[in-house]
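So you can see what is in the structure, the chains are spelled out below.
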Amino acid sequence: MVKLEKNKAFVIFKKPFEKEFNFLSGPWIKTNISQKPGEGFVLAPFDLNRNLAYHIQGKSKVINSFPKNIDSLIKIKSWKPLKSNTDYKDLVDKALINIRKGDFKKIVLSRCEIQSIPKGFELGSYFEKISAAYPECMVYLIHIPNEACWFGASPELLGKFSSENIFQTVALAGTIKKSDFLNGQKWTEKEIIEQELVTDFIIKKINNLSPGLLSSRGPENVETGDLIHLKSSIEAEIAQDVAMQLVLALHPSPAVSGIPQKKAIDYINNNENYEREFYSGFFGIIESSSEFEFYVNLRCMQLLKQEAILYAGAGITTDSDSGKEYLETSNKLNALKRHFHA
């Protein structure tokens, strides 16, 4: 049994397809992570030019059960982020004008939704529910006292680097409800092209930094709860000294930003009308100087005192329909929301 201490930063996480909880608590810093931090857990923002990352320093350990006193120790800010006063469908329609003019190939637009935390809600029980519902995801809860508290269950690997100098990542794009897929709904050209754009972007970034052994498999259908995605798995042999450079070159990938990458990031910051902060950033564990495992911060929420702010986005391309994209974000928001009362 782990004992949590007041005013200490901590993170609890469960890696994909593993049953054990992992726990890390210790001192924390804010960093731009231009160089890889030491051992510990990282929570990085969507735009590293606008916000700093959190780094909890230390080594994680396996724990057999979820800490019982966790809810009482969490200290959370009382403020709320600026709500978007822009209708999401209008936001998509505006982006489509720019895409069809040729300014972008793709823009990923997001929205947030505030959900009241129900009476009797317990983080330990909720963590276990989400872990059971999404065994293929990296599930985490991070708490920086009086600074931040975020929870997520991400299906998207940003970068995993091993001591054998193997870098692994995925291109994940396209979403269909599982029930619709089982009833015969097929991938459209829009979703296939969206996935190809992400795959091509990743391969180009890898080749720019470390040309050499590279393999790509997919796309294939992968299931995350009640959603189906298209995924390509990409692996490359790279030098240790460029591994973190590659993570920073990939982030934020077109799966959460767009193409062209820099131009899409600027468009998102200027048009979404709220600060994404850590939504569509990345998080994960640094085990040693030659091993790390980072995931894109999707299917996530920011915890406040009595509410949770949930986030979701959709990739907009020339064939997008604003009504369908809104429905896609609703399905993604529901991944965490529906388990509040389950």
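Report on the accompanying structure. Please read these numbers as outputs of a predicted model, since none were measured by experiment. (Residues numbered from 1 in each chain as written. Predicted model: local features only at pLDDT ≥ 70, side-chain atom pairs only at ≥ 80, totals over all residues. Heavy atoms only, no water.)

Description of the overall build of the chain
- Across its full length, the chain carries eight helices and 18 strands.
- The C-alpha atoms of the chain give 19 Å as radius of gyration, which agrees with the globular expectation for 342 residues (20 Å, within 12%).
- Its C-alpha atoms give the chain principal-axis dimensions of roughly 55 × 50 × 40 Å.
- Each of the 342 residues in the chain was classed as buried or not, and the buried ones make up 56%.
- Sequence separation of at least 24 residues holds for 72% of the intrachain contacts in the chain that already meet a minimum separation of 6.
- Accessible surface computed for the chain: about 14900 Å², of which carbon and sulfur atoms make up 47%.
- Distance between charge centroids for the chain: 5 Å, based on 43 positive and 41 negative side chains. (Helix = DSSP H or I, 4+ residues; strand = E, 2+ residues; numbered from the N terminus. Rg over C-alpha atoms; globule rule 2.2 N^0.38 Å. Buried < 20%, exposed > 50% of the residue type's maximum accessible area, 1.4 Å probe, protein only. Contact = heavy atoms within 4.5 Å. Areas by Shrake-Rupley, 256 points an atom, 1.4 Å probe, with all protein chains shown as cover. Lys, Arg positive; Asp, Glu negative; His and termini not counted. Charge placed at Lys NZ, Arg CZ, Asp CG, Glu CD.)

A closer look at the packing of aromatic side chains
- A complete count under the given rule lists 23 aromatic pairs for this structure.
- Relative to Phe278, the ring of Trp150 has its centre 5.8 Å away and its plane inclined at 80°; by these criteria the two rings are edge-to-face. Of the two residues, Trp150 is situated in strand β9 (residues 148–154) and Phe278 in the loop between α7 (261–271) and β15 (282–288); the sequence distance between them amounts to 128 residues.
- On the basis of relative accessible area, Trp150 is assigned to the buried category, the value being 0%.
- Clustering of aromatic rings is evident, with ring pairs tying together Trp28, Tyr54, Trp150, Tyr274, Phe278, Tyr279 and Tyr311.
- The ring of Tyr326 is capped by Lys89, whose NZ or CZ atom sits 5.4 Å from the centre of that ring. (Phe/Tyr/Trp six-rings, centres within 6.5 Å; stacked < 30°, edge-to-face > 60°. Lys NZ or Arg CZ within 6 Å of the ring centre and 35° of its normal.)

Some remarks on the pattern of salt bridges
- This model, assessed by the stated rule, comprises 16 salt bridges.
- The salt bridge involving Glu272 is made with Arg276; its shortest N-O contact spans 2.9 Å.
- Judged by relative accessible area, which is 1%, Glu272 ranks as buried.
- With a relative accessible area of 3%, Arg276 lands in the buried category.
- When salt bridges that share partners are traced, they join Lys106, Lys190, Glu194 and Glu325 into one network. (Salt bridge = Lys/Arg side-chain N within 4 Å of Asp/Glu carboxyl O.)

Read these as layout, nothing more, since geometry by itself doesn't imply function.
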